[in-house]
Every structure is written in structure tokens, then in C-alpha cells.
Amino acid sequence: QVRLAESGGGSVQAGGSLRLSCKASGTILSSNVMGWYRQAPGAQRELVAYASRDGSPVYAEFAKGRFTISRDPAKNMVYMMYLQMTDLKPEDTAVYYCTADSQFRFTRNAGGNYWGQGTQVTVSS
């Protein structure tokens with residue numbers, strides 16, 4: 001069983017920064033992809049960024065230049081992923097979700113089959 005847990009959300013003013021963390025544990029293939037998605041109230045869930053262990057990260061347009069995804073090497077079958085967010089804007093307000101799966105099942109549009117519960121990010125103007 002795969003478990004994902006996000007942390008690091010909160011409330012900040014516009015222009016501020018936050019760092020989200022995602023801990024993935026369980027049986028995840030070493031060739032996995034992990035990513036961040038977000039869902040604002042009344043909107044569909046959308047890609048923020050994703051990264052495989054060895055490939056270059058992929059960012060949504062709104063995230064380029066402001067957000068940075070990173071991953072730690074696996075340790076004891078635990079994978080850590082981060083999302084450093086800077087210059088936050090009110091439109092970044094959303095629940096941010098971590099997702100993971102093997103590279104054969106992860107897709108840009110849908111992410112993976114495994115998801116965390118999400119962490120709320122609120123940006124005030």
C-alpha cells in the first residue's frame with residue numbers, strides 16, 4: 001500500500017513564500033514519478049509540477065519561475081518531494097495535492113493513482 005502525506009500549507013500574504021513537503025511510503029517502484037496538483041474552489045484540479053527520479057521537472061506555465069519542485073533520494077523506501085513556492089499570488093490559493101505512481105501509469109493530465117489528502121494554501125492580497 002502506498003501512502004502520501006502533504007505538509008507545509010498555510011496562509012501567507014501576496015509576495016510571500018511557502019514550502020510544501022510530501023512524504024511517500026510503501027511499495028512504490030523505483031522508477032516512479034511524483035507531482036503536485038492543486039484545486040481551487042469551484043475549479044478542476046490542475047497540474048502544478050511533476051518530476052521523475054532522473055528526468056527534468058515539468059511545470060505548468062503559471063508555476064515557471066516561481067515554483068520549484070525537488071526530490072530527495074529514497075531512503076528506506078520513503079520518498080520525499082518538495083514544492084518551493086515564491087512570489088505567491090491570491091490566485092495560487094488552493095488545496096495542493098501530492099501524487100505518485102510508476103512512470104508507466106503517471107500522466108500529465110491525471111497524475112498517478114496514489115494521492116495525498118491535500119494541504120491548504122491561502123494567499124491574501
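Described below are features of the structure shown in this document. Residue positions are counted from 1 within each chain, in the order its sequence is given. At least 70 in pLDDT is required for a residue's local features to be given in this predicted model, at least 80 for side-chain atom pairs to be given and counted, and no such filter applies to totals for whole chains, interfaces and linings, which use all residues. By convention in this description, side-chain values take in all heavy atoms of the structure and omit both hydrogens and water.

1. Quick word on the sheet that holds strand E7 (residues 67-71)
Paired through backbone hydrogen bonds, the strands of a sheet run either parallel or antiparallel to each other.
Here comes step 1: For two strands to pair, DSSP has to find at least two bridges joining them. Here a helix means four or more residues in a row that DSSP labels H or I, a strand means two or more in a row labelled E, and each is numbered from the N terminus. Strand order in this open sheet of four strands is E1-E3-E8-E7, and the pairing throughout is antiparallel. Each having just a single partner strand, strand E1 (3-7) and E7 make up the two edges of the open sheet. Each strand of the sheet is rotated relative to its neighbour by a mean of 15°, with strand direction disregarded.
Here comes step 2: As judged from the five bridges shared by E7 and strand E8 (residues 78-85), these two strands associate in the antiparallel manner. Within the sheet, the bridge partner assigned to Phe67 lies in E8 and is Met85. Lines fitted to C-alpha atoms define the axes, with helix axes restricted to the stretch in contact, and inter-axis angles between N-to-C directions lie between 0 and 180 degrees.

2. Things to note about the state of the cysteines
Here comes step 1: Only a pair of cysteine sulfur atoms within 2.5 Å counts as a disulfide in this structure description. One pass over the structure, following the stated rule, counts one disulfide.
Here comes step 2: The disulfide that involves Cys22 links it to Cys98, with 1.8 Å between the sulfurs. Because the sign of the S-S torsion sets the handedness, a value of about -65° for the bond joining Cys22 and Cys98 places this disulfide among the left-handed ones. Residue Cys22 is found in strand E3 (residues 18-25), and its partner Cys98 is found in strand E9 (residues 94-102); the two are separated by 76 residues along the sequence.

3. A short note on the pattern of salt bridges
Here comes step 1: We count a salt bridge whenever a side-chain nitrogen from Lys or Arg sits within 4 Å of a carboxyl oxygen from Asp or Glu. Following the criterion strictly, the structure yields six salt bridges and no others.
Here comes step 2: Between Asp92 and Arg66 there is a salt bridge whose closest N-O contact spans 2.7 Å. Linking Asp92 in the loop between E8 and E9 with Arg66 in the loop between strand E6 (58-59) and E7, this pair joins segments that are 26 residues apart in sequence.
Here comes step 3: The class of Arg66 is buried, set by a relative accessible area of 10%.
Here comes step 4: Residues joined by salt bridges that share partners form a network here, namely Arg38, Glu46, Arg66 and Asp92. Think of it in three bands: with a 1.4 Å probe and only protein chains considered, a residue is buried below 20% of the maximum accessible area for its type, exposed above 50%, and partly exposed in between.

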